[in-house]
Amino acid sequence: MSSDRRNFIKKASVGAAGLAFGGSMNAMSPLGYSRILGANDKINCAIIGVRSRAKAHIKAIHTDSNAKIIYSCDVDDKIIEEHNEWCKKNIGYVPKVEKDFRKVLEDKKVDAVFIATPEHWHAPMAILALQAGKHVYVEKPCSHNPYENTLLVEAQKKYGKKVQMGNQQRSSKSSALAVKEIKEGIIGEVFKGEAYYSNNRDSIGTGKNVPVPSTLDWEMWQGPAVREDFRDNIHPYNWHWFKNWGTGEVHNNGTHEIDICRWALGVDLPDSVTSYGGKYAYDDDWEFVDNQQVTYKFGDDKFITWTGHSRGLIMPNQPGRGITIYGSKGIITLSRGGYQLYDLGGNQIKDVKEDGDQSTGTNTRGEGVLDVNHVSNFFAGIREDKSLNSDIKDASITTMLCHLGNMAQDAGETIKIDTTTGKVLNNDKVMKDWWKREYAPGWEPKL
């Protein structure tokens, strides 16, 4: 056996291992800690957009006995009605209902807002919440376009409240341990992060203009977006695939895995981005590519790839999402359920499992222990000024990478990036088309 391999195995501690942290890291669970807090540490929360992902937020908030949801806010009465029944069953009470989020922001009793709306609302709503003196937990992606991305970071700095983005794998204990070991050299010099997502989404068809449902405030739903007629294939989920409201799969799911790759490689904005892909599966209203390969280059020695299969599984027996980090002496694969360490010969050296209920992979709710960890970290930031695991300054960089993936795809060529600002160099068209959207009158976000 070579000395390199002996050293590799010695570092890795051969065998399967469940994840456990000793000492102060395991002294008290988030729930146990919350039970000793005083009345001044109570956090009143409002949930804005309550159909799906919000359920994971609510369950996570509910594990903290000194936090309470005092508002449910949504523009669809039908969704609210269903949500109220769900709350009664799952948390034992029904929060106050409000359709206009601005009224929620006016209430001084609200300390923190959780934003799980369509993506065109994320940054404008988060900025308004900051201006109203609220802490913000905003679902990924934190912006609909790069202009909003930059503006939201500036808003957090100006108003000084906590802003956490909902890429909850940043609060995974197993992922944090893997990144720590990577930085300590367990797989040598890292050079590549491979991110992938695989699903088999169906056709969204060709939308027909129909009357707006009586339960839906379509005007408020559109908010900052340019106005369009209501069609029968937009609400409540397929807005993801329309450029006026959504940002495509690279944002919808790629954000998570690209973020972990960036974390493990220790990189920020890339020097260049190349994207290949197309819309292959169906002839329908879907406006983004449904299969995509993006490569991000960082200097001369590191790169990240994103492989997105929205419609058509990568392989029937392959997990729906994941990350692989390649180093000069080994490989680490990561998921929301843990990580595995291999030597260069493909021999498994270590298997670490995430504690607690496993977060689901490809459904729209994606709830699990990582949400509890992430919300607990957000609350610790509010109560004790602890560092956030995905503070908006860092999270916005990952979001910018996803924007650049869409921009490179549209450009049809490798785009060069200003690594200070994220702006595309020497391509006025892609900057004009993608950097900033057109806003509905009166809705453009401003500081």
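Look up a bit, the structure's there.
Residues numbered from 1 in each chain as written. Predicted model: local features only at pLDDT ≥ 70, side-chain atom pairs only at ≥ 80, totals over all residues. Heavy atoms only, no water.

1. Topic: the pattern of salt bridges
- Throughout the structure, instances matching the rule amount to 29 salt bridges.
- Residue D394 pairs with R262 through a salt bridge whose shortest N-O separation is 3.0 Å. Separated by 132 residues along the polypeptide, D394 in helix α13 (residues 392–411) and R262 in helix α11 (residues 254–265) bring together distant segments of the chain.
- Between K386 and E384 there is a salt bridge, with its nearest N and O atoms 3.8 Å apart.
- In this structure K386 comes out as partly exposed when scored by relative accessible area, which is 45%.
- Judged by its relative accessible area of 35%, E384 is partly exposed.
- If you follow the salt bridges from partner to partner, you end up with R170, D259, R262, D268 and D394 in one network. (Salt bridge = Lys/Arg side-chain N within 4 Å of Asp/Glu carboxyl O. Helix = DSSP H or I, 4+ residues; strand = E, 2+ residues; numbered from the N terminus. Buried < 20%, exposed > 50% of the residue type's maximum accessible area, 1.4 Å probe, protein only.)

2. What to know about unusual backbone geometry
- Note that the residue after K140, namely P141, is joined by a cis bond; omega there is -15 degrees.
- Tracing the chain through its elements places P141 in the loop between β6 (135–138) and α7 (146–159).
- For the bond from H235 to P236, the omega torsion is 15 degrees, close enough to zero to count as cis.
- Mapped onto the secondary structure, P236 falls in the loop between α9 (218–222) and α10 (249–252).
- In this structure, D385 is a non-glycine residue whose phi angle is positive, near 60 degrees.
- Of note, D385 is situated in the loop between α12 (369–384) and α13.
- With phi around 60 degrees, N426 is a residue other than glycine that occupies positive phi space.
- Looking at the secondary structure, you find N426 in the loop between β17 (424–425) and α14 (428–434).

3. Some remarks on the packing of helix α3 (residues 53–62) against helix α4 (residues 77–90)
- It is the contact of α3 with α4, at a shortest axis distance of 12 Å, that shows an interaxial angle of 30 degrees. On the basis of their axis angle, the class for α3 and α4 is roughly parallel. Classified by chirality, the crossing of α4 by α3 is right-handed. Contacts between α3 and α4 involve K55, I58, K59 and H62 from the first element and H83, W86, C87 and N90 from the second.
- Within the contact of α3 with α4, the residues separate by chemical class into three nonpolar, three polar and two charged. (Axes fitted to C-alpha atoms, helices over the stretch in contact; angles between N-to-C directions. Parallel < 35°, antiparallel > 145°, perpendicular 65-115°, else oblique. Left-handed = near helix turned anticlockwise from the far one by under 90°. Contact = heavy atoms within 4.5 Å. Nonpolar A, V, L, I, M, F, W, Y, C, P; charged D, E, K, R; others polar.)

4. So, the sheet that holds β6
- Pairing is parallel across the open sheet formed by six strands, whose spatial order is β4-β3-β2-β5-β6-β7. Each having just a single partner strand, β4 (96–98) and β7 (163–165) make up the two edges of the open sheet. Direction aside, neighbouring strands of the sheet carry axes that sit 20 degrees apart on average.
- Inspection of the sheet shows strand β2 (residues 43–48) paired to strand β5 (residues 112–115) by four bridges, in the parallel sense. Note on β5: the bridge partner recorded for A46 is V113. (Pairing = 2+ DSSP bridges.)

5. Things to note about the packing of aromatic side chains
- The full count for this structure, using the stated rule, is 15 aromatic pairs.
- Between the aromatic rings of F114 and F379, the centroid separation amounts to 6.3 Å while the plane-to-plane angle is 80 degrees, which identifies the pairing as edge-to-face. Of this pair, F114 sits in strand β5 while F379 sits in helix α12, and the two are 265 residues apart along the sequence.
- You can call F114 buried: its relative accessible area is 0%.
- Members of the aromatic cluster, joined through ring pairs, are W218, W221, F230, F242 and W245.
- Cation over ring: K55 sits above W86, and NZ or CZ is 5.6 Å from the ring centre. (Phe/Tyr/Trp six-rings, centres within 6.5 Å; stacked < 30°, edge-to-face > 60°. Lys NZ or Arg CZ within 6 Å of the ring centre and 35° of its normal.)

6. Quick look at the packing of α3 against α12
- Contact geometry for α3 and α12: axes closest at 8 Å, N-to-C directions at 65 degrees. In this structure, α3 meets α12 at a crossing whose hand is right-handed. Judged by residue contacts, R53, A56, A60 and I61 of α3 engage D371, V372, V375 and F379 from α12.
- Here the contact of α3 with α12 is composed, by residue class, of six nonpolar, no polar and two charged.

7. A few points about the pairing of strand β12 (residues 321–327)
- Burial analysis of β12 places six of its seven residues in the buried class, the great majority of the element.
- When strand β8 (residues 190–198) meets β12, the two strands line up antiparallel, connected through seven bridges. Across the sheet, E194 pairs through a bridge with T324, a residue of β12.
- Across four bridges, the pairing between β12 and strand β13 (residues 330–335) is antiparallel. Its bridge partner being in β13, I325 is matched across the sheet by I332.
- Hairpin connection from β12 to β13: two residues lie between these consecutive antiparallel strands.

8. Quick look at the environment of D232
- Tracing the sequence through the fold places D232 in the loop between α9 and α10.
- Judged by relative accessible area, D232 falls into the partly exposed class, the value being 43%.
- Those residues in contact with D232 that lie beyond four places of it in its chain are T206, G207, K208 and V210.
- Of note is the side chain of D232, whose polar atom sits 3.0 Å from the backbone nitrogen of K208. (Polar contact = N/O pair within 3.5 Å; in protein donor to acceptor, adjacent residues only side chain to side chain.)

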